[in-house]
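Per-entry structural report
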Amino acid sequence: MSAPSLFLVAAVALLALVMVYVHRLAVGPTVFDRLLGLSGFGTQTTMLLLLMGAVYGRLDMFVDLSLAYALLSFVGAVASARYFERGGQDR
Amino acid sequence: MIADIAIAGLLVVAMFFHGVAALGVVRMPDFYTRMHAVSKAETLGMLFTLAALVVSAGLSLVTVKLVFLAIFLFLANPTSTHAIGRAALRVGLPPWRRLPPENA
């Protein structure tokens, strides 16, 4: 089994696991569960992007995309955590 | 050939940790325990996935970027989870407690 097909198998498995985070994002009892699902979803999607880059043989392009996605996901998670820390209201 | 075997091994370990994180998100009883499962298992799975990609990419600029991404996510992932957990604690979300078997 060559390397691109290995990465394809891993990407399909990771896609199935991403659905778990989507489930938590949809049904999470509290808003913090949804935030946790969003944060996990961001990390898993970054990994999925890199694996698909390895499948297509264009990892040099996809690694930049995933860097930008990881930065945006981190800033979004921290900003919304600070927002809901105040009870979800503007000052 | 040896690189393919190393990639397969690293990907299997990575998928194991990703699976543990997903299992924790589904099965754990409340928010804090779910957060505990995600923040650690997912960081490890991410590191092993990036290690497999580094083995496949060889020594190039892509590897430098992948290592930078690994360092960034290794710091950012626990930080964002900590921020979410602290927000939940300050809002006053009560931690889960096991009910006593006969509470009378």
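In what follows, the structure referred to is the one given above.
Residues numbered from 1 in each chain as written. Chains lettered and ligands numbered in written order. Predicted model: local features only at pLDDT ≥ 70, side-chain atom pairs only at ≥ 80, totals over all residues.

Details of the interface of chain B and chain A
Basically, it comes down to this: Placing C-beta atoms from the backbone, we regard two residues as in contact once those atoms come within 7 Å. Where helices and strands are cited, they refer to DSSP runs of H or I of at least four residues and of E of at least two residues respectively, numbered from the N terminus. Any residue outside Ala, Val, Leu, Ile, Met, Phe, Trp, Tyr, Cys, Pro, Asp, Glu, Lys and Arg is labelled polar, Gly included; the first ten of those are nonpolar and the last four are charged.
Each side of the interface is counted separately: chain B has 38 residues, and chain A has 36 residues. Looking at the side of chain B that touches chain A, the elements with two or more residues in it are α1 (2-27), α2 (31-57) and α3 (61-91) of chain B. A per-element tally of the side of chain B that touches chain A places α3(B) first, with 16 residues. Its residues assigned to classes, the side of chain B that touches chain A shows 26 nonpolar, seven polar and five charged.

A few points about the packing of helix α3 (residues 59-85) of chain A against α3(B)
Spelled out, the test is: Lines fitted to C-alpha atoms define the axes, with helix axes restricted to the stretch in contact, and inter-axis angles between N-to-C directions lie between 0 and 180 degrees. An angle below 35 degrees is read as roughly parallel, one above 145 as roughly antiparallel, one from 65 to 115 as roughly perpendicular, and any other as oblique. Each crossing gets its handedness from the near helix: less than a right angle anticlockwise from the far helix is left-handed, clockwise is right-handed.
Where α3(A) contacts α3(B), the axes come no closer than 9 Å and their chain directions differ by 15°. The angle between α3(A) and α3(B) places the two elements in the roughly parallel class. At the point where α3(A) passes α3(B), the crossing takes the left-handed sense. Among the residues making up the contact of α3(A) with α3(B), the classes are represented as 19 nonpolar, two polar and five charged.

A word on the packing of helix α2 (residues 31-56) of chain A against α2(B)
Their axes nearest at 11 Å, the elements α2(A) and α2(B) cross at an angle of 10°. Considering the angle they form, α2(A) stands roughly parallel to α2(B). From α2(A), Phe32(A), Asp33(A), Leu36(A), Gly40(A), Thr43(A), Met47(A), Leu50(A) and Ala54(A) reach across to α2(B), where they touch Phe31(B), Arg34(B), Met35(B), Val38(B), Glu42(B), Met46(B), Thr49(B), Leu53(B) and Ser56(B).

Description of helix α1 (residues 3-27) of chain A
Definition in use: Every helix has an expected span of 1.5 Å times one less than the residues it contains. Buried residues are those with 20 or more other C-beta atoms within 10 Å of their own C-beta, exposed residues have 12 or fewer, and partly exposed residues lie in between; C-beta atoms are placed from the backbone.
Spanning 25 residues, α1(A) covers 37 Å between terminal C-alpha atoms, matching the ideal 36 Å at 1.5 Å per step. Listed as buried for α1(A) are Leu6(A), Phe7(A), Ala10(A), Leu14(A), Leu17(A), Val20(A), Tyr21(A) and Arg24(A).

Section: the nonpolar core
As a reminder of what qualifies: The term nonpolar core refers to a group of buried residues, namely Ala, Val, Leu, Ile, Met, Phe, Trp, Tyr and Cys, whose C-beta atoms join them within 7 Å.
Membership of the largest hydrophobic core comes to 49 residues, with the highest contact counts inside it found for Leu35(A) and Ile84(B). For this core, the elements supplying multiple residues, two or more each, are α1, α2 and α3 of chain A together with α1, α2 and α3 of chain B. Considering every element that reaches this core, the biggest residue donor is α2(B), with ten residues. With residues up to four places along the chain from it excluded, the contact list for Ile84(B) reads Phe32(A), Leu35(A), Leu36(A), Ser39(A), Ala77(A), Ala81(A) and Met35(B).

Overview of α2(B)
Helical geometry: 3.6 residues make up each α-helical turn, so side chains three or four residues apart lie on a common side. Taking 1.5 Å of rise per residue, 27 residues should cover 39 Å, and α2(B) covers 38 Å from first to last C-alpha, within 8% of that figure. Just downstream of α2(B) lies Gly58(B), where phi reads positive at about 75°.

Concerning the environment of Leu65(A)
Residue and element names in this part refer to chain A. Tracing the backbone through its elements, the reader meets leucine 65 in helix α3. In this structure leucine 65 comes out as partly exposed when scored by C-beta crowding, with 14 C-beta atoms within 10 Å. When the C-alpha atoms of leucine 65 and histidine 23 are compared, they prove to be 25 Å apart, with 42 residues separating the residues in sequence.

Keep in mind that these numbers describe shape and distance, not what the molecule does.
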